[in-house]
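Summary of structural features
Listed below are the residues making up each chain.
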Amino acid sequence: MAGGIVVSGDRKEYPGKMTGYVFLACIFAATGGAIFGYDIGISGGVTSMDSFLEKFFPSVYHNMKEDESANQYCKFDSQVLQLFTSSLYIAALLSSLCASSLTRKCGRRVSMLIGGAVFVVGAAMNGLAINIYMLIVGRILLGIGVGMANQSVPLYVSEMAPAKYRGFLNQFFQLLITIGILCANIINYFTSKIAGGWGWRVGLALAAVPGCIITIGALVLPDTPNSLIERHPDDQQKVIEMLRRIRGTHDVEQECNDLVAASKASKEVLHPWSKLLSRKYRPQFVMSILIPFFQQITGINVVMFYAPVLFKTIGFGSDAALMSAVITGTVNAASTFVAIFSVDKVGRRTLFIEGGIQMLICQIAVGALLGKKFGWDGVANISKRYADWVVGFICAFVAGFAWSWGPLGWLVPSEIFPLEIRSACQSINVSVNMLFTFLIAQAFLTMLCHMKFTLFFFFAGWVFIMTIFIIFFLPETKGIPIEEMILVWREHWFWKRFIRDEDIPKGLMKGKSENA
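Okay, so let's go over this structure.

Parameters and conventions
Residues numbered from 1 in each chain as written. Predicted model: local features only at pLDDT ≥ 70, side-chain atom pairs only at ≥ 80, totals over all residues. Heavy atoms only, no water. 1 Å grid on protein atoms, 1.4 Å probe; cavity = no way out; pocket = protein on both sides within 12 Å on 5 of 7 lines; lining within 4 Å. Points joined across faces, edges and corners; volume = space filled by probe spheres on them. Nonpolar A, V, L, I, M, F, W, Y, C, P; charged D, E, K, R; others polar. Helix = DSSP H or I, 4+ residues; strand = E, 2+ residues; numbered from the N terminus. Axes fitted to C-alpha atoms, helices over the stretch in contact; angles between N-to-C directions. Parallel < 35°, antiparallel > 145°, perpendicular 65-115°, else oblique. Left-handed = near helix turned anticlockwise from the far one by under 90°. Contact = heavy atoms within 4.5 Å. Salt bridge = Lys/Arg side-chain N within 4 Å of Asp/Glu carboxyl O. Buried < 20%, exposed > 50% of the residue type's maximum accessible area, 1.4 Å probe, protein only.

Focus on empty space enclosed by the protein
One pass over the structure, following the stated rule, counts four cavities of 30 Å³ or more. Ile40, Gln174, Ile177, Asn301 and Phe401 are the residues nearest the centre of the largest cavity, which is lined by 14 residues in total. Classifying every residue of the lining of the largest cavity by side-chain character gives eight nonpolar, six polar and no charged. Counted as a void, the second largest cavity has a volume near 60 Å³. What lines the second largest cavity is Gly299, Val302, Val303, Cys362, Gln363, Val366, Phe393, Ile394, Phe397, Phe456 and Phe459.

Regarding the environment of methionine 359
Mapped onto the fold, methionine 359 is located in helix H18 (residues 348-374). C-alpha separation for the pair methionine 359 and phenylalanine 459, spaced 100 residues apart in sequence, amounts to 9.6 Å.

Some details on the packing of helix H2 (residues 32-46) against helix H7 (residues 132-160)
One can describe the packing of H2 onto H7 by two numbers: an axis separation of 8 Å at closest approach and a directional angle of 140 degrees. By the angle class used here, H2 and H7 are oblique. As for the relative orientation of H2 and H7, their crossing is left-handed in sense. Residues Gly32, Ile35, Phe36, Asp39 and Ser43 of H2 pack against Arg139, Leu142, Gly145, Val146, Ala149, Asn150 and Val153 of H7. Here the residues of the contact of H2 with H7 are counted per class, giving six nonpolar, four polar and two charged.

Some details on the pattern of salt bridges
All chains considered together, the criterion is met by 10 salt bridges. Between glutamate 255 and arginine 247 there is a salt bridge, with the nearest N and O atoms lying 3.1 Å from each other. On the accessibility criterion, glutamate 255 (9% relative accessible area) is buried. Classification of arginine 247 by relative accessible area gives buried; the value is 4%. For arginine 348, the salt bridge identified is with aspartate 344, shortest N-O distance 2.9 Å. In this structure, a network of salt bridges that share partners links the residues Arg166, Asp344, Arg348 and Glu415.

Structure below.
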């Protein structure tokens, strides 16, 4: 031990503990995930309600009602209906790119504040919508809020949390996403029973509740030490005071010094976007693209966006479809606790790999069950026993995602970026996530109509590829201070070829030499 720093192998462990202050700050910030989750859950429910379809998508409604024996796979195939769901995500993509500069120059809190406020306006517009144009504009405003929150919240939590608790605290972002989905599914179930067919308005308007929470939270939350030193490099005393408050110890000088060193290095990078393709940032740049891409290509949003529609398509009645969505939402939320309490013990890689294998098996099983029952024509009645098997495998798939690619898809990118490119890379991470969320949301019902049950085999193939990718190319990052993350890439069998010794800050190289 030197100067209060515990050295474990080649890694530093700064003094400090999990304080109530930092715990509450991270939980409050993580409510930004609830706005994303609520929207994911509410979309599928309202698009399965007859009154909503009849008002905004009459062609889909009449197609569904006029021929009950039609091909089950194609009943909901409508580009306009898919645009209702997917328009949010293209707006989120664009806003997350803009949020990069805002987050770096004004802090993480400002991005959360603006995102939450815009989201509330979008929720109000959707609840009051009288035509499809008003509905789509409201969705776009929701997307702006989601993009800004998703860009800033994971960064905020990763920077506030002590290294050894970073995984634990960051999982609450995903937990709030799953709770948002579950709440939306429950609301869909009960509002669908409101007489007069206006229940969908209640569901869409209630999105304002999580929006208000994150907006109010952003007003009272403190800035992260990283953001303070980045924006006020001459006021180190303020950073020390913040570190003492969130670490629960007075021995924070070394952590402050490392933050200052990292900030100075980041100031030398005047245009972080132009530096992303530099050789030394290659590992982080690749991960900022592939991890969110793989997260969406698992097919999870097929289940979460369209769960009621999907279950209705495979033969469930309206109430049964909505209740099945509630069941999957419950499994999603409950399974996230596995990641919360294990990610800092078993590590990121183990959860990624186990979850990938579980999802692969379940995707193949669902595809086989649907293929056997509906065949290629998609005309059949499904028995309760058969439907129970489908729901069971879908729930197992959701559970595997909820303790692996769901939370880790947000955690790992937020903790691997050096300060100088952190905002830019996080924007890329969110943008890629939103881009493929948009593409899948826009194409899923059409793909289901044309690919039938083999669509699930398509997603299973991607799950296999991404699991292999994790095995060979993702190093373990648990318990490592963000400022030392470059050493992980320098020691990796593949990525070390891109990072030279001179790319590592002198302080880290010195500490590494002394511990060798």
